[in-house]
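So the chains spell out like this:
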Amino acid sequence: MKKIIGIIVVIAVLIGITSISASNKDKTNESVIKIGLALPLTGNAAFLGEPSQKAAELALKDAGETKYQYELVFEDHQFTPKNAASVASKLINTDKVLAIINFGSGTGNAISPITESSKVTHFSLASDPTVAAGEYNFIHWTPPFKEGQLLASELAKRGYKKVSIIDTNHPGTMAVADSIKSSLKSTNVEIASYDLTNIGDKDFRTTINKIKNLNPDIIVLEMFSPEVEIVTRQMRELGLKIPVTSVETFEWSDDPKLFEGSWFVSDTMVPAFSEKYKLEYGSDAKPGASYVYDLVSLLIKIQENSKEPIQPKDLPAIISKLSEYDSPVFGNVKIDKDGFFITEASVKIMKNGKAEAVK
């Protein structure tokens, strides 16, 4: 009888151990991995933030059956640094996210110090390299030096001799403009004028009249919406017929048809992703959507390859060890020592309100 009782006890213990083990396994597999996304979902840049939100949701859908559960936590920073700082604090302290994906340079500069001190990884879609300062901050966007070099080379190739630049007092556009100015030094293209405007400006007539008197061959616009639409309309009102070009700006416009037929330089063309997005949502992906899709896909892939939930403080070391990865959007992507994901710039043209590759 005692032997039978002993056997029953042993079996009960073994069942208990097995149950605890299974329970722990289930708990690990059912742990919710949260990915934070700080995007402009309202305000002037909402037309860019909303497609990025959809792209993130598409990436999660495309991940299929996963061993971990994932949750995308969206926060609206309206493309303003002040809101971005508040949003980052909430995502870190309240939502306990694995990482933050952010849209913008100015917002990225507001988030970077917070993520660095909190030891939470932050990926920004940004042009300003200072956003990537520190161990926990990365940039996934075509670097300004790639875009500036390509624009300078294209201006020279097309035979332009004199250019005026209208820039914005914003770290992203200024980083791009600095790259353009630096790259033009190795060409025969002269910078006739450089003007710095501010977000919120509504009257550009003085600058336009100055440029009109200088009569450059082309004008480079490094601006956001709605300022870029305002300056373009005022140029037309004042009879300025000089052609315009840009780095990225035309794709960032809320009224791209204003730039119909104009060529410009921007990030990598990704037709396969654009087709996938349009098939899913019935609309065109905007700039940034492909990068958000890629980052969400990468984070899920990294977590799925881990035996346990990754702690936020450990993610930068995992990313840095990659040095490169096979992106479902961009192909092979290298990650440099400064935290930049390197993708190539391309020459595009606005046709029927959309950007197309220049063939």
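Points about the overall build of the protein chain
Here is step 1 of the chain: For the protein chain, the count of helices and strands is 11 helices and 15 strands.
Here is step 2 of the chain: In terms of principal-axis extent, the alpha carbons of the protein chain reach across some 110 × 40 × 35 Å.
Here is step 3 of the chain: Expressed as a percentage of the 359 residues in the protein chain, the buried residues total 50%.
Here is step 4 of the chain: Once local pairs closer than 6 in sequence are excluded, the contacts in the protein chain between residues at least 24 apart make up 69%.
Here is step 5 of the chain: Summed over all atoms, the accessible surface of the protein chain reaches about 16,700 Å², with 53% contributed by carbon and sulfur.
Here is step 6 of the chain: In the protein chain, the 40 positive side-chain charges and the 45 negative ones have mean positions that sit 3 Å from each other.

Re helix α7 (residues 205-214)
Here is step 1 of the chain: Those residues of α7 lying buried are Thr207, Ile208 and Ile211. Relative to the axis of α7, the buried residues are bounded by an arc of 100 degrees and lie together on one face. In α7, those exposed residues whose orientation departs by more than 90 degrees from the buried face are Thr206 and Asn213.
Here is step 2 of the chain: Residues of α7 that are buried sit in contact with β6 (162-168), β7 (190-197), β8 (218-221) and α8 (227-237).
Here is step 3 of the chain: A positive backbone phi angle near 55 degrees is found at Asn215, which sits one or two residues after α7.

Observations regarding the pattern of salt bridges
Here is step 1 of the chain: Counted by the stated rule, this structure contains 19 salt bridges.
Here is step 2 of the chain: The residue Asp203 makes a salt bridge to Arg205 at a minimum N-O spacing of 3.2 Å.
Here is step 3 of the chain: The class of Arg205 is partly exposed, set by a relative accessible area of 35%.
Here is step 4 of the chain: In this structure, the salt-bridge partner of Asp284 is Lys278, at a minimum N-O distance of 3.4 Å.
Here is step 5 of the chain: Residue Asp284 is classed as partly exposed on the basis of its relative accessible area of 33%.
Here is step 6 of the chain: By sharing partners, the salt bridges in this structure join Glu75, Lys90 and Asp95 into a single network.

What to know about empty space enclosed by the protein
Here is step 1 of the chain: For the structure shown, the criterion picks out one cavity of 30 Å³ or more.
Here is step 2 of the chain: Empty space within the largest cavity amounts to approximately 180 Å³.
Here is step 3 of the chain: Contributing to the lining of the largest cavity are 19 residues, with Ser127, Gly172, Phe224, Glu248 and Trp252 lying nearest its centre.
Here is step 4 of the chain: A per-element tally of the lining of the largest cavity places helix α6 (residues 171-184) first, with three residues.
Here is step 5 of the chain: Of the residues in the lining of the largest cavity, the class split is 10 nonpolar, seven polar and two charged.

Re the confidence of the model for the protein chain
Here is step 1 of the chain: A residue-level look at the protein chain finds 92% of positions with pLDDT of 70 or above and a mean pLDDT of 91.
Here is step 2 of the chain: Contacts from residues 1-29, a stretch scored under 50 in pLDDT, to residues over four places away or in other chains number seven contacts.

Thoughts on the packing of helix α3 (residues 81-93) against helix α4 (residues 105-118)
Here is step 1 of the chain: It is at 8 Å that the axes of α3 and α4 come closest, and there the two elements cross at 30 degrees. In terms of orientation, α3 and α4 fall into the roughly parallel class. Regarding α3 and α4, the two cross each other, and that crossing is right-handed. In this structure, α3 uses Pro81, Ala84, Ala85, Ala88, Ser89 and Ile92 to contact α4, whose residues at the interface are Gly106, Thr107, Ala110, Ile111, Ile114, Thr115 and Ser118.
Here is step 2 of the chain: Considering only residue class, the contact of α3 with α4 consists of eight nonpolar, five polar and no charged.

Topic: the nonpolar core
Here is step 1 of the chain: Leu37, Ile101, Phe123, Val296, Ile319 and Phe341 are the most contacted members of the largest nonpolar core, which totals 55 residues.
Here is step 2 of the chain: At 10 residues, the largest contribution of residues to this core is made by helix α10 (residues 289-304).
Here is step 3 of the chain: If near-sequence neighbours (up to four positions away) are discounted, Leu37 is found in contact with Ala56, Leu72, Val73, Phe74, Glu75, Leu91, Ile101, Val292 and Val296.
Here is step 4 of the chain: Core analysis: the next-biggest nonpolar cluster, separate from the first, contains 18 residues, Phe204, Ile208, Met223 and Val244 among them.

Conventions used here
- Residues numbered from 1 in each chain as written.
- Predicted model: local features only at pLDDT ≥ 70, side-chain atom pairs only at ≥ 80, totals over all residues.
- Heavy atoms only, no water.
- Helix = DSSP H or I, 4+ residues; strand = E, 2+ residues; numbered from the N terminus.
- Buried < 20%, exposed > 50% of the residue type's maximum accessible area, 1.4 Å probe, protein only.
- Contact = heavy atoms within 4.5 Å.
- Areas by Shrake-Rupley, 256 points an atom, 1.4 Å probe, with all protein chains shown as cover.
- Lys, Arg positive; Asp, Glu negative; His and termini not counted.
- Charge placed at Lys NZ, Arg CZ, Asp CG, Glu CD.
- Arc of directions from axis to C-beta.
- Salt bridge = Lys/Arg side-chain N within 4 Å of Asp/Glu carboxyl O.
- 1 Å grid on protein atoms, 1.4 Å probe; cavity = no way out; pocket = protein on both sides within 12 Å on 5 of 7 lines; lining within 4 Å.
- Points joined across faces, edges and corners; volume = space filled by probe spheres on them.
- Nonpolar A, V, L, I, M, F, W, Y, C, P; charged D, E, K, R; others polar.
- pLDDT = per-residue confidence, 0-100.
- Axes fitted to C-alpha atoms, helices over the stretch in contact; angles between N-to-C directions.
- Parallel < 35°, antiparallel > 145°, perpendicular 65-115°, else oblique.
- Left-handed = near helix turned anticlockwise from the far one by under 90°.
- Core = buried A, V, L, I, M, F, W, Y, C linked by side-chain atoms within 4.5 Å.

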